[in-house]
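# Residue-level structure breakdown
Below are the chains, spelled out letter by letter.
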Amino acid sequence: MPRILFLALCGLLTYTRADPGALLRLGMDIMNQVQNAMDESHILEEMAAEAGKNRPGVKPIKGITNLKVKDVQLPVITLNFIPGVGIFQCVSTGMTITGKSFMGGNMEIIVALNITATNRLLQDEETGLPMFKSEGCEIILVSVKTNLPSNMLPKVVNKFLDSTLHKVLPSLMCPAIDAVLVYVNRKWANLNAPMPVGQMGTVKYVLTSIPTTTASYIQVDFGPTVQQQEGNTIQLADAGEAFEFPEGYAEGSSQLLLSAAFLTAELALLQKSFNVNVHDMKIGQLPSQTTKTLAGFIPKVAKAYPKPKPLVTQIRINKPPKVTMKTGNSLLHLHGTLEMFAAQRRGKAPVSLFLLESHFNLKIQYSVHENRLQMVTSLDRLLSLSRESSSIGAFNEKKLTGFITDYLQEAYLPVINDALQVGLPLPDFLDMDYNLAELGIVENALVLDLKLK
């Protein structure tokens, strides 16, 4: 994770929270790992290269010519959260300033310094994206060494050094901080970009308001937009219960929380993919899918079809899928119809035997692959079966419970799991890497405990 995060999430304001679909908590574990921002952007090197050039509106420094800055040290950054404000940062670095002095010889000044600043978060009115701006940049000299002759009067040397450093350092270092912020702002560019869910629609993560900061973490609330390919927006259902970060995570750690309501809305995009027509006579460990097998449960089938006919099964999900979560357990609820047909000779349409309304649950296992949330399901149980129509007369549909349960396990679950392979997108910002996250299920939400490499 690049060091850009220390600048990216500073100066955060308090706000009135709306009902979000996802929450992100960034602790100091991630912040303390952001050690490469200035290296990535090469800002200090670029500023050092510009230091000796004539710039419009900048007066040359008296007493020194051919000014150059070299040997810029890798910055060391210390961060502290400021509740309700943002992050106070201290950047420690050093450099060597060279040139021709007023004495006529080559001059070399070796300085160690701290740059301190507070960064505030604004919001771009046009894009809605976060926009960061530093405030109160100050330069604090830690040590100064020079090769100026020792026989020079101390007051003269100190006055010259003070004048030189106060002209060179602020104009060099403070713009570097601002330039890094510009670099960081670009890392937010994809945050609210629509991300595809297969060919069925898109998900877009949008901030509900400006993030907030506490003494231990920064929290970002997202109001995701789930949109079908046709342009219709799927509203997140009101869960009726608030979801929040659970206790027990290490101080300063970082987590992403996805609500069950949000996952439900995302899976609604895949509802049509859960519909299937099955023509195969041999499926997994199931007996042959013929009217003869079905007659073992419903004797009337044998009377209607003395000679075995292949079965055709049609499953339609007629209500949006629903995800529920209790601590340690997540279920996918599916409501739909299961209709069985007797296949006819070529050229003739299959004949419907019966139509059943069904409700069944699938257990969900979660993982992350290539920064997308993956799901794999297994059958939990068949909750209900009710007969809606029948061409073979009345029968006790409860006798089909075992047959249908086995059928769902062997024939239907592969369809569901295949559709789920598209994965669900996670917030794309600041080069966040979710692949090492540890996942846990809590009340009404999935938690991704973010880890670093």
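Structure report, in brief. Keep in mind that what you see is a predicted model, and the values were worked out from it rather than measured. (Residues numbered from 1 in each chain as written. Predicted model: local features only at pLDDT ≥ 70, side-chain atom pairs only at ≥ 80, totals over all residues. Heavy atoms only, no water.)

### Structural notes on the side chain of Asn114
Note that Asn114 resides in strand S5 (residues 106-123). With relative accessibility at 18%, the residue Asn114 sits in the buried group. In this structure the side chain of Asn114 is engaged in a polar contact, spanning 2.7 Å, whose partner is the side chain of Ser92. Contacts of Asn114, omitting those with residues within four sequence positions, involve Cys90, Val91, Ser92, Glu138, Ile139, Ile140 and Val142. (Helix = DSSP H or I, 4+ residues; strand = E, 2+ residues; numbered from the N terminus. Buried < 20%, exposed > 50% of the residue type's maximum accessible area, 1.4 Å probe, protein only. Polar contact = N/O pair within 3.5 Å; in protein donor to acceptor, adjacent residues only side chain to side chain. Contact = heavy atoms within 4.5 Å.)

### As for the sheet that holds strand S12 (residues 233-234)
Taken in spatial order, the four strands of this open sheet run S7-S8-S11-S12, and their pairing is antiparallel. Each end of this open sheet is capped by a strand with a single partner; those strands are strand S7 (195-197) and S12. Where helix H6 (residues 260-268) meets the sheet, its contacts fall on strand S8 (201-204), strand S11 (225-228) and S12, and the angle it forms with S11 comes to roughly 15 degrees. (Pairing = 2+ DSSP bridges. Axes fitted to C-alpha atoms, helices over the stretch in contact; angles between N-to-C directions.)

### So, H6
Burial within H6 is extensive, with nine of its nine residues counted as buried. Every buried residue belonging to H6 is among Ala260, Ala261, Phe262, Leu263, Thr264, Ala265, Glu266, Leu267 and Ala268, and all of these are buried.

### Focus on the pattern of salt bridges
By the definition in use, this model includes five salt bridges. A salt bridge links Arg120 to Glu135; the shortest N-O distance between them is 3.0 Å. Of this pair, Arg120 sits in strand S5 while Glu135 sits in strand S6 (residues 130-146), and the two are 15 residues apart along the sequence. Here Asp431 ties to Lys187 by a salt bridge, and the two come within 2.8 Å at their closest N and O atoms. (Salt bridge = Lys/Arg side-chain N within 4 Å of Asp/Glu carboxyl O.)

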